[in-house]
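In case you want the letters, here they are:
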Amino acid sequence: MLKLASSSAFNDLVQFVLAEADDIFRGVLGDKPAKSTQEQYDYEPMKSNRWKKVEPVVKSYIGNTLHLLGQLTDASMTSLVLRRLAASVAFLKPFERLTKRVTRTTLMCFSSGEPRLRVSAIVLLRAIAATCPGPALERAVKGVYRAYASNAKFMNANSAENIAFMSACVVEMFGIDQNQSYGLAFAYIRQLATLLRNALAQKTKDAFKSVYCWQYINCLECFERILTAHASNREYSSKGSGEQTTKDGSTSVLRPLAYPVQQIALGAARVLPSARYAPLRIRLLKILNRLSRSMETFAPVAPLALELLNFSELYKAPMSTKAPSPDFTLALRVSKTELRSPAVQDVVVESAFEELGEHLEQHAYSVAFPEISHAVTRELKRFNKKTTVGRFKKQAKQMLDAIERNADYIERKRDDEADFAPKDIEKAKSFLHGEKMEGKAPLTRYVKQLRDRGKERRAAMQAMDVSIRSNKSHGDESSSSDDDDDDGDDEDDDRRRGDDEEDEDDDFLNGDNDGGDDDDDDEIIDGDEAFEEMKKRKRKSGVDEEDLYLGKEDLVKELELSSDEENDDEDVKPVPTKKARKKGGKK
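Basis of the calculations
Residues numbered from 1 in each chain as written. Predicted model: local features only at pLDDT ≥ 70, side-chain atom pairs only at ≥ 80, totals over all residues. Heavy atoms only, no water. Helix = DSSP H or I, 4+ residues; strand = E, 2+ residues; numbered from the N terminus. Buried < 20%, exposed > 50% of the residue type's maximum accessible area, 1.4 Å probe, protein only. Patch = residues over 30% accessible without salt bridge, like charges linked within 9 Å, V, L, I, M, F, W, Y side chains within 5 Å. Areas by Shrake-Rupley, 256 points an atom, 1.4 Å probe, with all protein chains shown as cover. Salt bridge = Lys/Arg side-chain N within 4 Å of Asp/Glu carboxyl O. Lys, Arg positive; Asp, Glu negative; His and termini not counted. Charge placed at Lys NZ, Arg CZ, Asp CG, Glu CD.

Enquirer: Tell me about unusual backbone geometry, and please be specific about residues and values.
Expert: Look at K203: it is not a glycine, yet its phi comes out positive at around 55°. Its place among the elements puts K203 in the loop between α9 (178–202) and α10 (205–209). With a phi angle near 55°, E296 is a residue other than glycine that sits in the positive phi range. Here E296 lies in the loop between α13 (278–295) and α14 (301–309).

Written as structure tokens, this is what we have:
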């Protein structure tokens, strides 16, 4: 047996074998080295007459490389091994068990927090899915989606970039073979719909938390991106079989899933119609607008956007505060105190106008735009009369002016150029096609201004958030106030118990929910086992169980419509102490 006394010599030998193994195996089989990546993937080693002799060596190489991969702790070396396995992926085709082991190990690297490992891992996973037989694709796609869903439970400035990258990886994997991806996508979308149905039917705290959480919203947004990337056939014709195809004849298999995704987004926006969840609704409005634009279908976005303008909190006197406005891209809800601040109210109103403008601009060249915009115009005039804030009135008047000018523009064009009946769908679609390409409609120019202002506002909020976080890192973090709202405490508790919940969300990730009315606890994304453990720790530390709930709000208590009149003084009443409660009981 050969022994190497020098660690550097062993390291050089390992790197040499990893770098040259693919070409060595090809040479032994009598083939030339691959000139491109695609040629590496398309190679069929089993067709060679020498394969039977080389097969044990190749199998030993792959098995030992997997063993090495499991022992490595250095990220750069692990990334190198993953890249070299991707170059030799053609040699995995005959070995199904080894392919499973490679996929499982690579998914563990993909789920880690190291960016370099994720890039190398997704390259190998995509190569396995595109090269190896059918079951390998399903395992790879399912594993990548589950890794994304597990990492998408929480959103903050540090994790947002990784979540966006993993979402792009999921989109890429689902587009490799749409015929096989359709079944997986259907199962996972059905799981989202089941959780939404349970929230609407049961109206319990856990049911609402299973929908109004980052994991649910991120997964829904991921499927919107999948459909936008792989099913947005802007010009298609209908065959006799009912399939929708592009001009080049390719069929969009995933396109029928756009309707359930749209319905889920619409339903999720109305689960808790409260102004405190304005960031979540704005995020859902963006999903609907992007999906509607890519599918070229109509989505009823206007009522949801107009409801944001009708929340009663926007008509109450604002409270002066030095606290900055939260970044709506990193939040799903705001506290009641934050909702009364002028900065938050500005973001809510401006975002509502921005999404409403995006919705109307999609139909700015439609022959039916005057009819589509009629109800919106009426509601905006009502908002203009009701609000007492000057800047809100100005924005409403600007949008009303743009909508009315665009409606007049379409009516004039319709009188001059519309020589077709409503039943002529193709002619109606091509109405003002040239003007649409040039962007001549008044509403198009107005929406462009809204987009620019929105980008500037989001950039300023992100810069402010970075500055605040850097200042907090040098200050006393323990001085943060606990009286504003329970949101921060709830999120911290969720973070602490996130590691203990891996087994509870298996059904969510697997999409194995059968849609029954009797729901088990494992269908809920965030369980309560860790919370029970926290209560036990509190009891051991001498904290009374009743004190755990003092000052805590329950999501179920927020079910009433925000537009209903509320007594704001109740929000600032001090929580009665334990002694006060005992005295009250004696009385």
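Enquirer: For α14, give the residues involved together with the corresponding values.
Expert: Among the nine residues of α14, seven are classified as buried, and the element is accordingly described as predominantly covered. When we look at burial in α14, the residues that qualify are V301, A302, L304, A305, L306, L308 and L309.

Enquirer: Summarise a positive patch on the surface; cite the residues concerned and give the values.
Expert: On the surface, K59, R97, K100, R101 and R104 cluster together into a positively charged patch. In terms of residue count, helix α5 (residues 96–111) provides more of the positive patch than any other element does, four residues in total. Checked against the element boundaries, R101 lands in helix α5.

Enquirer: Describe the pattern of salt bridges, naming the residues involved and giving the relevant values.
Expert: Per the counting criterion, the structure on display carries 26 salt bridges. E44 serves as the salt-bridge partner of K93, at 3.2 Å between the closest nitrogen and oxygen. Taken together, the residues span a long stretch of sequence, with K93 in the loop between α4 (75–87) and α5 and E44 in the loop between α2 (37–42) and α3 (51–71) at a distance of 49 residues. Measuring nitrogen to oxygen at the nearest pair gives 3.3 Å for the salt bridge that ties E371 to R414. One end of the pair, E371, is in helix α17 (residues 369–372); the other, R414, is in helix α19 (residues 390–417), with 43 residues separating them in the sequence. Bridged by salt links that share partners, the residues E221, E224, R225, R283 and R290 form one connected network.

Purely geometric numbers; function is a separate question.
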